[in-house]
Amino acid sequence: MGVRTQRQVVDYALQRRALLAEVYSGRVGTMEVCDADPYLLRAAKFHGQPSNVTCPVCRKETLTHVSWVYGDELKHAAGSARTVEELARMATLFEEFSVYVVEVCRTCSWNHLVQSYVLGTRGLRSGKPRRRTAAE
Ligand SMILES: [Zn+2]
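- An unreviewed UniProt entry annotates the protein as DUF5318 domain-containing protein originating from Goodfellowiella coeruleoviolacea.

Put into structure tokens, the structure is as follows:
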């Protein structure tokens, strides 16, 4: 995602791989990991972003990414799913909020945390010092 204020990015690929290894070996049942609730499936349908990653469990369809937002500043919007376009707009309206990206398979209900990061205008100030021009 190309939002300029994206920071504190955490990737959950290792945890995902470890869990899938358990599933493939049969130590963890697919029933336990394919447990997306109706709320998540609904969010995937209306706010999801299609990915090009095939579902690692059923291999029948590509995964949908759902971005959940959290933060005190968001008030009633905290804990809701947002589209990429909405995230970009929110990044200019709020100082700081967290985004948790969850992948979900709308066929078998596999779901896993993919990435979390922080967005907001505070990232603009704490970044590199602004270049001054001769006029300033
Ligand atoms: Zn699936």
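## Regarding the coordination of the zinc ion
- Coordination of the zinc ion by the protein involves Cys-55 (SG), Cys-58 (SG), Cys-105 (SG) and Cys-108 (SG), with metal-donor separations of 2.3 Å.
- Coordination at the zinc ion is tetrahedral: its 4 donor atoms span angles of 106 to 115 degrees at the metal.
- Mapped onto the sequence, the residues coordinating the zinc ion show the spacing C-x2-C-x46-C-x2-C. In this pair, Cys-58 is assigned in the loop between strand 2 (49-54) and strand 3 (62-70) and Cys-105 in the loop between strand 5 (97-104) and strand 6 (111-119), connecting sequence segments 47 residues apart. Here Cys-58 and Cys-105 have matching classes, each one buried.

## Quick look at the pattern of salt bridges
- Across all of its chains, the model carries 6 salt bridges by this definition.
- Here Arg-27 ties to Glu-22 by a salt bridge, and the two come within 2.9 Å at their closest N and O atoms.
- Using a relative accessible area of 58% as the deciding quantity, one classes Arg-27 as exposed.
- Several salt bridges share partner residues, and in doing so they unite Arg-7, Glu-95, Glu-96 and Arg-122 into one network.

Conventions and cut-offs
- Residue positions are given per chain, counted from 1 along the sequence in the order it is written.
- Two thresholds apply to this predicted model, a pLDDT of at least 70 for residue-level local features and 80 or more for giving and counting side-chain atom pairs, whereas whole-chain, interface and lining totals are computed over all residues.
- Hydrogens are left out, water is left out, and the side-chain values use all remaining heavy atoms of the structure.
- Each metal site is built from N, O and S donor atoms within 2.8 Å (3.2 Å for Na, K and Ca), and since water is not included, such sites may look incomplete.
- Any coordination sphere not matching a tetrahedral pattern (four donors, all angles between 85 and 135 degrees) or a square planar or octahedral pattern (four or six donors, opposite donors over 155 degrees apart, other angles between 65 and 115) is reported as irregular.
- Put simply, DSSP H or I for four residues or longer makes a helix, DSSP E for two residues or longer makes a strand, and each gets a number counted from the N terminus.
- The classification of residues rests on relative accessible area computed with a 1.4 Å probe and restricted to protein chains. Under 20% of the type maximum is buried, over 50% is exposed, and intermediate values are partly exposed.
- Salt-bridge detection follows one rule: a side-chain nitrogen of Lys or Arg within 4 Å of a carboxyl oxygen of Asp or Glu.

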